[in-house]
Every structure is written in structure tokens, then in C-alpha cells.
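Listed below are the residues making up each chain.
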Amino acid sequence: MIVPERHPIHFHGFNFFVVGRGLGNYNPKKDLKNFNLVDPIERNTVVVPSGGWIAIRFIADNPGVWFMHCHLEVHTTWGMKMAKAPMNQFYHPQVTFPNANTKTSKQEA
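Below, the structure is looked at part by part. Note that the structure is predicted; figures quoted are calculated from it, not measured. (Residues numbered from 1 in each chain as written. Predicted model: local features only at pLDDT ≥ 70, side-chain atom pairs only at ≥ 80, totals over all residues. Heavy atoms only, no water.)

**Brief notes about the pattern of salt bridges**
This structure, assessed with the given rule, holds one salt bridge. Between lysine 30 and aspartate 31 there is a salt bridge, with its nearest N and O atoms 3.9 Å apart. We classify lysine 30 as partly exposed; its relative accessible area is 45%. (Salt bridge = Lys/Arg side-chain N within 4 Å of Asp/Glu carboxyl O. Buried < 20%, exposed > 50% of the residue type's maximum accessible area, 1.4 Å probe, protein only.)

Here you go:
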């Protein structure tokens, strides 16, 4: 029997903050307003729910190329891995995220 499973994702070289999570596809119009930018949990490994997503934020203060991968070893061989080069060493993405001073629905409640 094939069963969808959760994926423990580990990021070498950094701790990160889990600012959001959800099931299904990420929807910036719906999901971004629920991000926790006030007191997110800090981790270096997080479980991505089956059929879902995780949004993380980290301080890119450790130069180099760092490995992020699923801790289920066979999944790494299937391609669930990537190398991240923080500090904009190779490119400058044009992505805008709200800063920590942005009011969210959780802060207003």
C-alpha cells in the first residue's frame, strides 16, 4: 500500500523560524495573512505535513552553500534535497515578504 507521508526537512548551517504551514497548495492571498511573524518557533528540522507546505524564515548570516534535505534517506536519493547559497551570493531574488513590523490578523486579535 502506498501512503502519503510527512517529510522531516533539515537545514544544515542554520536554525530557521517556522512562520507558516498548511495543507494543499500555498495560496499567497489566503495563507500569508496567517503567518506568525511575532513569535515563530525556531528549529533546524521541521516536519512538512503530507500534501502540505511549510514557510520558513532564517537569518542568512552564515556564508557558503548549505544542504537542505529530507531526513528520510531514501527520499534524498529521489531528489528531496537542495543546496542553498544564502546572503545573495549568486543572485538577487525579487521576492517581497512582510517584515516583522507588519500587522497580522494574529496580532490584531
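**Quick look at the nonpolar core**
Core analysis: the largest hydrophobic core is formed by ten residues, namely Ile9, Phe11, Phe14, Phe16, Val18, Val46, Val48, Ile54, Met68 and Cys70. Where this core is concerned, the elements lending two or more residues are strand 1 (7-11), strand 2 (16-23), strand 4 (45-48) and strand 6 (66-70). If we ignore the near neighbours within four places in the chain, the residues touching isoleucine 54 are Val18, Gly20, Arg21, Val46, Val47, Val48 and Pro49. In this structure, Val19, Phe35, Trp53 and Ala55 belong to the second largest nonpolar core, which totals five residues. (Core = buried A, V, L, I, M, F, W, Y, C linked by side-chain atoms within 4.5 Å. Helix = DSSP H or I, 4+ residues; strand = E, 2+ residues; numbered from the N terminus. Contact = heavy atoms within 4.5 Å.)

**Quick word on the environment of glycine 22**
Its place among the elements puts glycine 22 in strand 2. A sequence separation of 26 residues divides glycine 22 from valine 48, and the C-alpha atoms of the two residues are 8.9 Å apart. Glycine 22 has contacts with Pro49, Gly52 and Trp53, leaving out every residue within four places of it along the chain.

**Some points on the pairing of strand 4**
Side-chain alternation along strand 4 places Val46 and Val48 on a buried face and Thr45 and Val47 on a face that remains uncovered. In this structure, strand 1 lies alongside strand 4, joined through four bridges in antiparallel fashion. Residue pairing for strand 4: histidine 10 is matched across the bridge by threonine 45. (Pairing = 2+ DSSP bridges.)

**Concerning the sheet that holds strand 2**
Judged by pairing direction, the sheet is antiparallel, and its three strands sit side by side in the order 3-2-5 without closing on themselves. Among the strands making up the open sheet, the edge pair consists of strand 3 (41-43) and strand 5 (52-57). Strand-to-strand twist in this sheet, taken as the mean axis angle between neighbours without regard to direction, amounts to 50°. In terms of strand pairing, strand 2 meets strand 3 through three bridges, oriented antiparallel. Counterpart to phenylalanine 17 in the pairing with strand 3 is glutamate 42. (Axes fitted to C-alpha atoms, helices over the stretch in contact; angles between N-to-C directions.)

**A short note on the packing of aromatic side chains**
Inspection of the entire model under this criterion finds seven aromatic pairs. Each ring, one from phenylalanine 11 and one from phenylalanine 58, has its centre 5.1 Å from the other, and the planes form 90°; the classification is edge-to-face. Of this pair, phenylalanine 11 sits in strand 1 while phenylalanine 58 sits in the loop between strand 5 and strand 6, placing them 47 residues apart in sequence. For the pair phenylalanine 35 and tryptophan 53, a centre-to-centre distance of 6.3 Å together with 40° between the ring planes defines the contact as tilted. With phenylalanine 35 in the loop between helix 1 (28-31) and strand 3 and tryptophan 53 in strand 5, this pair connects stretches of sequence that are 18 residues apart. What links up through ring pairs into an aromatic cluster is the set Phe11, Phe14, Phe58 and Trp66. (Phe/Tyr/Trp six-rings, centres within 6.5 Å; stacked < 30°, edge-to-face > 60°.)

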